[in-house]
Amino acid sequence: MKRVLVIAVTRLGDLIQTEPMFRALKAEGRADHLTVLAERSFAEIAERLECVDRVCAIDFADVLGTLGSNSRTLPLSQYAGLYRALSDTEYDEVWNVTHSRPSMVLTALARANKRYGVTLDSHGMQIVRNEWITYFFAANLARPWCAHNLVDIYVNAVSLQTPFDQRIPHFESATCKEPRLPRRELRGAQVLLHPGASQPDKRWPSQRFSQVANWLKDRGAEVVLIGGRKELKLETEFPLGNGVRSLIGKTSVAELFSLCADASFMVTCDSGPVHIAAAAGLPVVAIEGGSAHGFETAPYGERSLVLQPHLQNLMTRSPGKSLCSDAPSVVQVQDVTKAIELLIGERDSLFVSNGVSAYQTGRDERTNGLNLTALATEQPEYERALDQLKLFWFHALSRISFNDSSARGGLGETFGENMRAARSLGTTNHGARLLEIKAEALKGAEQNLKRKLMQEPRFHHLQAFLQIARGSLSGDTLEQQANELADLYARLGAASECLTAASCSSTKQIQNSLEIEVTA
Amino acid sequence: MISFKKNILKRKSLKVVVPTPLYGGSLPVALHAAEAFEQLGHSVTLLSFEEQHKLYELCGDSAHSKEAARHLQGTLAVLLADLTAETALKQDADLVWFTAQSPVTVPVLRKLRQAGIRTAFWFVESIQRFEYWKPLAAEFDCFFTIQQGDAQQEIERAGARRVEYLPCAANPQFHCERSLTDEERAMYGSRVSFVGAGYPNRVELFQKPEFRNIKIWGNDWPSSFRDGIARDSRRLASEETALVYCSTDINVNIHSASQGQLLHQGDFVNPRTFEIAACGAFQIVDQQQPLHQLFDLTSELVVVKSARELKDAIAHYAQLPEERMQYASKAQKRVLAEHTYVHRVEQALRAMGMESHPTTTAEASPTIGDLVTASWGDRELMDYFDAFESASPARLNELVAKIPAGKRELSRPELLLLLMNEFRQWGIEKGAIEQ
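All figures in this text were calculated on a predicted structure; none of them were measured in a lab. (Residues numbered from 1 in each chain as written. Chains lettered and ligands numbered in written order. Predicted model: local features only at pLDDT ≥ 70, side-chain atom pairs only at ≥ 80, totals over all residues.)

Engineer: Explanation requested: the overall build of chain A in the structure shown.
Structural biologist: Along its length, chain A carries 19 helices and 14 strands. Burial statistics for chain A: of 520 residues in total, 52% are counted as buried. Sequence-distant contacts in chain A: of pairs separated by 6 or more residues, those separated by 24 or more amount to 65%. (Helix = DSSP H or I, 4+ residues; strand = E, 2+ residues; numbered from the N terminus. Buried ≥ 20, exposed ≤ 12 C-beta atoms within 10 Å, placed from the backbone. Contact = placed C-beta atoms within 7 Å.)

Okay, here's the thing in structure tokens:
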């Protein structure tokens, strides 16, 4: 029996977004029994995820309780207990999908044959195993240029072949296999409004939510406010009664799923409930902005709508880590009401306010993943560039494209010749000379990548990717590591074919110059 | 006379709870230790259970059967042990200092450990004579024994985490040179005397005709000794023993033994050895294995190995008052310099890593010794921390800084420290814990 541990000490939304990866592990035959390590408050949710066999709960109150400066000792016995829980089973694989530094050490402590995600090597040095998760870390440093939905990053880390419908999060029997079409009229429809968000910069003003609630109520819809206890104060902004009722702080997550099963659609910011709705097959009007953007965190599935401020000036500036765009408040009330009308089929097209982009979620036949189709936008250049990036990374991290003889990336081809020459030298047993040549070739390839590709803001994260990848090579010998790196550079080179002249004025130039001088 | 006072200012004051036994020879030891903690500047809560001894006896007398008596007495002992724990918790004590026969239970020790309160057990009796310590041994932070050699290994086999040799001692406040009144001298004085209970080896020894003139003080002597027993065959209070020692020319000090040789060369030194010496009194003591480590046996104590040697020594030194005085004086200096309860408490705190906290250290800053306590039952963790100086501060960031990341394979304890450090940083970032 193959046993897999997934360390998912994360927030609700992230936990739900990683569920398709759990299923992929089972579908690929890599896990017969799957254990999830989750934060105690989400343990109940983890237990209800379809393919989770066992849940280990970690209580932050326990692990943080005596770590403060006033503590008289360290909670060694609690941590030793945590270790015993992690090591009571020998796992074939451990996956860390949390990306925090504590989870990195937790992953290293687990008894496992293979580890994926961020962890420590035996000497305590930070490494990231799996190129898709390396990509996650790199893209996290330049989030506006993160072109892959989080669900796809996790699933691709296990299997690129997972079909789109298998990437939609499942939650026991509440999950609808097919997305529901919202009823064509609002009268009698139940609409869920979630005005809260965990981070203030992601919130859309509650007064505007209130106006949307009034608009829905006037059109005969039944509005149900949802949210956690911390969001109770938001109730005061709404005209409760007469078609608007609040269940804020009154529902468990399981009850929220039931609500999603009965509702017509949800209007929300980027938050946990948006992913619960996606798992329940409920269409969503998602208002993104601040530190979140739809290409990365849109509700997974078809027919949901995303409204978000433009991701401004990203073609020329190096994007920061946290801020993706202006605040969600750029999105106006009428943008949301029009999106609702589009969602229920009352209108065929969508025109939104200046500075706002609107997208519809759907499947991307090229990558099996999620696609955002622009419905109304004023920044097609950004969207095209993002699409190129999406394909670039998909091909670069897919060994399928590298093995395809039709791939003729300048870097890939020349580097491949170099490697062939190096291998032929290897047959003469001149190991040291072989390594020297490889090192020269790798150095040249990397310099070319830096010189030509990383000058562009949208490739800002490639440098981080290479840095992590170089520090995480898994080969036991220098030669194995050199081969790993050569393989990666070759794939990056091949993937540069995705950057066509038609898409971006500068990419042709980049592609042409992505050749390395071979001096061996 | 005692040099500890100047050090008090440099020490961190500990909060120590000392529960005493209800009765017996361990009771004064607990009281002396409590006083020593106070003398060292620590804050002591003395739980004197001496008064509960009457209730304990009442439990035995009132019960209709032996089984019922044991139940009642056991219930009282559990109650007193719980009282000790609650007191320590309420006061946020640093240490609970148990002495042999103090009421204590395994749940109480575990409760204290969970609260981060350290526990010590000074077993001032022979472990071969009792069994009750065995189920408790594994639960103390430190098990102090007055015995050496095999006894320590036996305690370790019972699961004790840390076993330390901590011999008996004297309290110079009680046992010191005294100017006796004529009345006191008449009451307590004699040429040769012995203070102690009637253990079988002593009974057998003092039944010999050559020792019939020795004045005996103590309890549990057979009726055949009626004529030689002073003060109605009762246990003397500490103050009274000092009067006996100081008014006796030759104090005979024979260690107890349940069986075997009359003068068996045991593995511990009794409190009386130190107390007689502290009084500046002369003594002849039976040979014990650790004696030579504690005293100079050529000039401080007269040591005998057999009844014959005892008889000869009594006869010899009875004629040499000057020599007796020289022996007594040197033994007294030795005790005051090395063998007081203050010294023992200092040794114990040092062994537990709880001594000499610089005043600049934050009140709550743990020591490596604290971590040993916290890693209870995890041998790998305890071994890891044993490599550090027990009394040194155990700040997480400093411990983590010592981990040679990247230079060799890390051990599990090192990874656990890294995990704690990462959670601490994470908790600080999230505002969940104080920096």
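Engineer: When you look at the overall build of chain B in this model, what are you seeing that I'm missing?
Structural biologist: Secondary structure summary: chain B contains 19 helices and 12 strands in total. For chain B, the proportion of its 435 residues judged to be buried stands at 45%. Put simply, 62% of the contacts in chain B that link residues at least 6 apart link residues at least 24 apart.

Engineer: What is the right way to look at the sheet that holds strand β4 (residues 91-96) of chain A in this model?
Structural biologist: Within a sheet, neighbouring strands are paired by backbone hydrogen bonds and run either parallel or antiparallel to one another. Residues and elements named next belong to chain A. Spatial ordering of the open sheet is given by β3-β2-β1-β4-β5-β6, a layout of six strands whose pairing is mixed. With partners counted over all chains shown, the strands left at the sheet margins are β3 (54-58) and β6 (126-129), one partner each. Averaged over all pairs of adjacent strands, the angle between strand axes in this sheet comes to 25°, irrespective of strand direction. In this structure, strand β1 (residues 3-8) lies alongside β4, joined through four bridges in parallel fashion. Paired with Leu5 across the strands is Val94, a residue of β4. (Pairing = 2+ DSSP bridges. Axes fitted to C-alpha atoms, helices over the stretch in contact; angles between N-to-C directions.)

Engineer: What is the right way to look at the pairing of strand β7 (residues 190-195) of chain B in this model?
Structural biologist: Successive side chains on a regular strand alternate, one facing one side of the sheet and the next facing the other. All names here are of chain B. Note: β7 against strand β10 (residues 248-253), four bridges, orientation parallel. Its bridge partner lying in β10, Ser190 is registered against Thr248. Pairing geometry for β7 and strand β8 (residues 215-217), over three bridges, is parallel. Paired with Val195 across the two strands is Trp217, which belongs to β8. With helix α9 (residues 200-206) bridging β7 and its parallel neighbour β8, the resulting β-α-β unit is right-handed. (Right-handed = clockwise from strand over helix to strand, strands pointing away.)

Engineer: Which parts of the structure should I look at to understand the packing of helix α4 (residues 66-90) of chain B against helix α5 (residues 106-114) of chain B?
Structural biologist: When two helices pack together, their arrangement is given by the angle between the helix axes and by the axis-to-axis distance. Residues and elements named next belong to chain B. Two numbers describe how α4 lies on α5: the axes approach to 9 Å, and their chain directions differ by 10°. Here α4 lies roughly parallel to α5, going by the angle between them. Contact with α4, carried on its side by Ala81, Asp82, Thr84, Ala85 and Ala88, involves Val108, Lys111 and Leu112 of α5 and no other residues of that element. Across the contact of α4 with α5, the residue classes tally to five nonpolar, one polar and two charged. (Parallel < 35°, antiparallel > 145°, perpendicular 65-115°, else oblique. Nonpolar A, V, L, I, M, F, W, Y, C, P; charged D, E, K, R; others polar.)

Engineer: Could you clarify how one ought to interpret the nonpolar core in this entry?
Structural biologist: Within soluble globular proteins, side chains that are nonpolar generally end up buried alongside one another. Grouped together as the largest cluster of nonpolar side chains are 173 residues, with contacts concentrated most on Val6, Ile7, Val191, Cys260, Val285 and Leu307 of chain A together with Leu419 of chain B. Once you skip the residues sitting within four places of it in the chain, Leu419 of chain B turns out to touch Tyr79, Pro102, Val105, Leu106 and Leu109 of chain A. Core analysis: the next-biggest nonpolar cluster, separate from the first, contains 102 residues, Ala88, Phe140, Cys142 and Ala351 of chain B among them. (Core = buried A, V, L, I, M, F, W, Y, C linked by C-beta atoms within 7 Å.)

Engineer: How do you make sense of the pairing of strand β1 (residues 15-19) of chain B when you look at a structure like this?
Structural biologist: Residue and element names in this part refer to chain B. Taking burial as the measure, the five residues of β1 include four buried ones, the bulk of the element. Where β1 lies against strand β2 (residues 43-47), five bridges are found, and the strand directions are parallel. Directly across from Val18, in β2, lies its bridge partner Leu46. The β-α-β motif built from β1, the intervening helix α2 (residues 26-39) and the parallel element β2 has right-handed crossover chirality.

Engineer: Looking at this structure, how should I read unusual backbone geometry?
Structural biologist: Residues apart from glycine generally show negative phi values, whereas peptide bonds are mostly found in trans. At Asn242 of chain A, a residue that is not glycine, the phi angle is positive and equals roughly 55°. For Asn242 of chain A, the location among the structural elements is in the loop between β8 (222-225) and β9 (244-246). Owing to 8 C-beta atoms within 10 Å, Asn242 of chain A belongs among the exposed residues under this scheme. You will see that Gln101 of chain B, though not glycine, has its phi angle at about 80°, which is positive. Following the sequence through the fold, Gln101 of chain B ends up in the loop between β3 (95-99) and α5.

Engineer: I'm lost on the sheet that holds strand β5 (residues 142-145) of chain B in this one. Help?
Structural biologist: Residue and element names in this part refer to chain B. With parallel pairing, six strands are arranged side by side in an open sheet as β2-β1-β3-β4-β5-β6. Both outer strands of the open sheet, β2 and β6 (163-165), are each paired with one neighbouring strand and no more. Here the average twist between neighbouring strands, direction ignored, is 20°.

Engineer: What's the story with helix α2 (residues 40-48) of chain A in this structure? I'm lost.
Structural biologist: An α-helical turn contains 3.6 residues, so a residue and the one three or four places further along point in the same direction. Residues and elements named next belong to chain A. For α2, the complete set of buried residues consists of Phe42, Ile45 and Ala46. Burial along α2 is one-sided: seen end-on, the buried residues are contained in an arc of 105°. Those residues of α2 that are buried lie in contact with α1 (12-27), β2 (33-39), β3 and α9 (253-262). (Arc of directions from axis to C-beta.)

Engineer: Is there a simple way to explain the confidence of the model for chain A in this structure?
Structural biologist: A low pLDDT means the predicted coordinates there should not be read in detail. All names here are of chain A. With 80% of its residues at a pLDDT of 70 or more, chain A shows a mean pLDDT of 80. Counting contacts from residues 400-416, a segment whose pLDDT is below 50, to residues more than four positions away or on other chains yields 49 contacts. Ignoring residues within four places in sequence, the model shows residues 425-429, a span with pLDDT below 50, making five contacts including any to other chains. (pLDDT = per-residue confidence, 0-100.)

Engineer: Before we go on, may I ask you to explain the packing of α1 of chain A against helix α10 (residues 272-279) of chain A in this structure?
Structural biologist: All names here are of chain A. Where α1 meets α10, the axes come as close as 7 Å, and the angle between the chain directions of the two elements is 30°. As summarised for this structure, α1 and α10 are arranged roughly parallel, according to the angle between their axes. The hand of the α1/α10 crossing is left-handed. Between α1 and α10, the residues in contact are Leu12, Gly13, Ile16 and Gln17 and Gly272, His275, Ile276 and Ala279, respectively. (Left-handed = near helix turned anticlockwise from the far one by under 90°.)

Engineer: How should I be thinking about the environment of Ala441 of chain A in this particular structure?
Structural biologist: Residue and element names in this part refer to chain A. By the secondary structure assignment, Ala441 is in helix α16 (residues 431-453). Classification of Ala441 by C-beta neighbours within 10 Å gives buried; the count is 26. Put simply, Ala441 and Ala482 are 41 residues apart on the chain and 9.8 Å apart in space, counted from C-alpha to C-alpha.

Engineer: Explain the environment of His275 of chain A to me, please; I cannot follow it from the model alone.
Structural biologist: Residue and element names in this part refer to chain A. As for its position among the elements, His275 is in helix α10. A sequence separation of 24 residues divides His275 from Pro299, and the C-alpha atoms of the two residues are 5.7 Å apart. Excluding residues that lie within four positions of it along the chain, His275 makes contacts with Gly13, Ile16, Gln17, Pro169 and Pro299.

Engineer: Just to check I follow, could you spell out the confidence of the model for chain B for this structure?
Structural biologist: Residues and elements named next belong to chain B. Across chain B, the average pLDDT comes to 85, with 90% of residues at or above 70. The model gives residues 1-11 a pLDDT under 50, and that stretch makes 13 contacts with residues more than four places away or in other chains. Across residues 357-364, confidence stays below pLDDT 50; counting only partners more than four residues off in sequence or on other chains, it has nine contacts. For this predicted complex, the interface score ipTM comes out at 0.79, alongside a pTM of 0.63.

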